[in-house]
Amino acid sequence: MRRIDVLKLEELIKVCRWMNTSGLSPATSGNYSIRGDKEDTCFVSASGVDKGNLRVADFLEFSLREPDYNTEIKPSDEAPIHVKLLQMHADAECVLHAHSVTNTIIGLIYADAEYIEFSGFEMQKAFTGIKTHEEPIRVPIIDNTQDIMGLAETFGGFELPCFILRGHGVYVWGNSVWQAKRHLEGLEFLIECKLAMRRYM
Ligand SMILES: [Zn+2]
């Protein structure tokens, strides 16, 4: 592994620890990836590791051209989603997948919806390129499945660097580990606002 990849993974591990203490990756759930320094490579977290205790050695290298998931250490079940998102978005450097109570239930509450629209929230500006709360944004909701490979093949264009997996969690990505973290925090905040508004309105 190149030194620059080690440095990037160390940054990612800081975010993974923050996610774990923030309730975003309980019970070894959640998975994470970065683009490798070597062209057309990435590193994805291994399966079954406590996400508050990840080490650089817990990330597995994959080719973005011809990924082979039969690695000695079992990769995350959702590794094909990370690979697909990094293949689709040339400017994405990091993908984060989180499971919280709120981001799990939101897609079940909006059971028939294909997206959730957010409008009027200052926090919409957490997403790169969104300049005003007056610009409505739509976050897609994709139905959950255990056929992860098949799911990744259905991905079309994403207007925002995120989506909700119904009853499961969320994916976000960014052009750095820290931009991806900002997108995750912003999305989580917006989801919590929607749920809180249902209680009071
Ligand atoms: Zn998951």
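Everything here concerns the structure above.
Asks: Describe the overall build of the chain, naming the residues involved and giving the relevant values.
Replies: Within the chain one finds 5 helices and 8 strands. Along the chain, from the amino end to the carboxyl end, the secondary structure elements read α-β-β-β-α-β-α-β-β-α-β-β-α. In summary, the chain has a C-alpha radius of gyration of 16 Å against a globular reference of 17 Å for 201 residues, a match within 12%. A principal-axis box enclosing the C-alpha atoms of the chain has dimensions of 50 × 35 × 30 Å. In the chain, which comprises 201 residues, the proportion classed as buried is 51%. Expressed as a percentage of contacts within the chain between residues at least 6 apart in sequence, the contacts between residues at least 24 apart total 61%. For the chain, the accessible area works out to roughly 9,900 Å², and carbon and sulfur atoms hold 50% of it.

Asks: Hey, could you go over the nonpolar core for me, with residue numbers and the actual values?
Replies: Counting residues in each nonpolar core, the largest one holds 63 residues, and the members touching the most others are L12, L85, L96, F155 and F163. In terms of residue count, the dominant contributor to this core is helix α5 (residues 177-200) (7 residues). Among residues more than four places away in sequence, those in contact with L85 are V95, F155, F158, F163, Y171 and W173.

Asks: Describe a nonpolar patch on the surface, with residues and values.
Replies: On the surface, V101, I105 and I109 cluster together to form a nonpolar patch covering roughly 240 Å² of accessible area. Since its relative accessible area comes to 64%, V101 is described here as exposed.

Asks: Explain the packing of helix α3 (residues 101-109) against α5 residue by residue, including any values.
Replies: Where α3 meets α5, the axes come as close as 10 Å, and the angle between the chain directions of the two elements is 55 degrees. Comparing the axis directions of α3 and α5 gives the class oblique. Along this stretch, α3 crosses α5, giving a crossing that reads as left-handed. Counted together, T102, N103, I105, I106 and I109 of α3 and E188, I191, E192, K194, L195 and R198 of α5 form the full contact between these two elements. Tallied by class, residues from the contact of α3 with α5 come to 5 nonpolar, 2 polar and 4 charged.

Asks: Describe the packing of aromatic side chains, listing the residues and the values that go with them.
Replies: Tallied over the full model, the rule gives 8 aromatic pairs. With centroids separated by 5.3 Å and ring planes inclined at 15 degrees, the aromatic side chains of F158 and F163 adopt a geometry described as stacked. This pair shows no difference in class: F158 is buried, exactly as F163 is. The ring of W18 carries the charged tip of K181 above its face, separated from the ring centre by 4.4 Å. Sitting above the plane of the Y110 ring, R198 keeps its charged end 5.3 Å from the centroid.

Asks: An account of the coordination of the zinc ion is needed here, citing residue identities and associated values.
Replies: For the zinc ion, the full set of protein donor atoms is E78 (OE), H97 (NE2), H99 (NE2) and H168 (NE2), at a range of 2.1 to 2.5 Å. Viewed at the metal, the 4 donor atoms of the zinc ion are separated by angles of 84 to 152 degrees, and the geometry they form is irregular. Coordination of the zinc ion draws on donor residues from a single chain, spaced E-x18-H-x1-H-x68-H in sequence.

Asks: Which residues make up helix α2 (residues 79-88), and what values go with them?
Replies: Every α-helix carries 3.6 residues per turn, so stepping three or four residues along brings you back to the same face. Counting buried positions over the 10 residues of α2 gives 8, a clear majority of the element. Restricting attention to buried positions, one finds in α2 the residues A79, P80, I81, H82, V83, K84, L85 and L86.

Asks: I'd like a description of unusual backbone geometry, backed by residues and values.
Replies: With a phi close to 60 degrees, D40 is a non-glycine residue in the positive phi region. Looking at the element boundaries, D40 is found in the loop between β1 (31-35) and β2 (41-45).

Asks: Before we move on, can you summarise the sheet that holds β2 with the specific residues and values?
Replies: Ordered by their spatial adjacency, 8 strands build an open sheet running β3-β2-β1-β4-β8-β7-β6-β5, and the pairing between neighbours is mixed. Each of the sheet's edge strands pairs with one partner strand only, and the pair in question is β3 (59-63) and β5 (115-118). In this sheet, adjacent strand axes meet at a mean angle of 20 degrees when their direction is disregarded. Of the strand pairs in this sheet, strand β7 (residues 162-165) and strand β8 (residues 169-174) are connected by 4 bridges, and their pairing is antiparallel. Its bridge partner lying in β8, C162 is registered against V172.

Parameters at a glance
- All chains use their own residue numbering, which begins from 1 and follows the written sequence.
- Note on the predicted model: pLDDT of at least 70 is required for a residue's local features to be given, and 80 or more for side-chain atom pairs to be given and counted; whole-chain, interface and lining totals, by contrast, use all residues.
- The basis for every side-chain value is the complete set of heavy atoms in the structure, and neither hydrogens nor water enter the calculation.
- Helix and strand assignments come from DSSP, with helices taken as H or I runs of at least 4 residues and strands as E runs of at least 2, each series counted from the N terminus.
- This radius of gyration counts C-alpha atoms alone. The globule rule is 2.2 Å times how many residues there are, raised to the power 0.38.
- Three labels apply to residues, based on accessible area from a 1.4 Å probe with only protein chains included: buried if under 20% of the type maximum, exposed if over 50%, partly exposed otherwise in between.
- Working rule for contacts: check all heavy atoms of both residues, and any pair within 4.5 Å makes them a contact.
- Accessibility throughout is a Shrake-Rupley quantity obtained with a 1.4 Å probe, and a residue counts as covered only by protein chains that appear here.
- Put simply, a nonpolar core is a bunch of buried Ala, Val, Leu, Ile, Met, Phe, Trp, Tyr and Cys residues held in one set by side-chain atoms that sit within 4.5 Å of each other.
- Patch construction takes residues with relative accessible area above 30% that form no salt bridge. Like charges are linked within 9 Å, and nonpolar side chains (Val, Leu, Ile, Met, Phe, Trp, Tyr) are linked within 5 Å.
- Salt bridge, as used here: a side-chain nitrogen of Lys or Arg that lies within 4 Å of a carboxyl oxygen of Asp or Glu.
- Axis angles are defined between N-to-C directions and span 0 to 180 degrees, where every axis is a line fitted to C-alpha atoms and, for a helix, only to the segment in contact.
- What sets the label is the angle itself: under 35 degrees gives roughly parallel, over 145 gives roughly antiparallel, 65 to 115 gives roughly perpendicular, and the rest give oblique.
- The hand of a helix crossing depends on one turn: near helix anticlockwise from the far one by less than a right angle means left-handed, and clockwise means right-handed.
- Any residue that is not Ala, Val, Leu, Ile, Met, Phe, Trp, Tyr, Cys, Pro, Asp, Glu, Lys or Arg is counted as polar, Gly included; the first ten are nonpolar and the last four charged.
- Geometry of aromatic contacts follows a simple scheme: Phe, Tyr and Trp rings, the Trp one being its six-membered ring, pair when their centres are within 6.5 Å, and the pair is stacked under 30 degrees between planes, edge-to-face over 60, tilted otherwise.
- Lysine and arginine charges are scored as sitting over a ring when NZ or CZ, respectively, is within 6 Å of the ring centre and within 35 degrees of the ring normal.
- Because water is not among the atoms used, a metal site may look incomplete, as its donors are only the N, O and S atoms within 2.8 Å, or 3.2 Å for Na, K and Ca.
- Angle rules define the geometry names used: all angles between 85 and 135 degrees makes four donors tetrahedral, while opposite donors over 155 degrees apart and all other angles between 65 and 115 make four donors square planar and six octahedral, leaving every other case irregular.
- In short, DSSP must find at least two bridges between two strands for them to pair.

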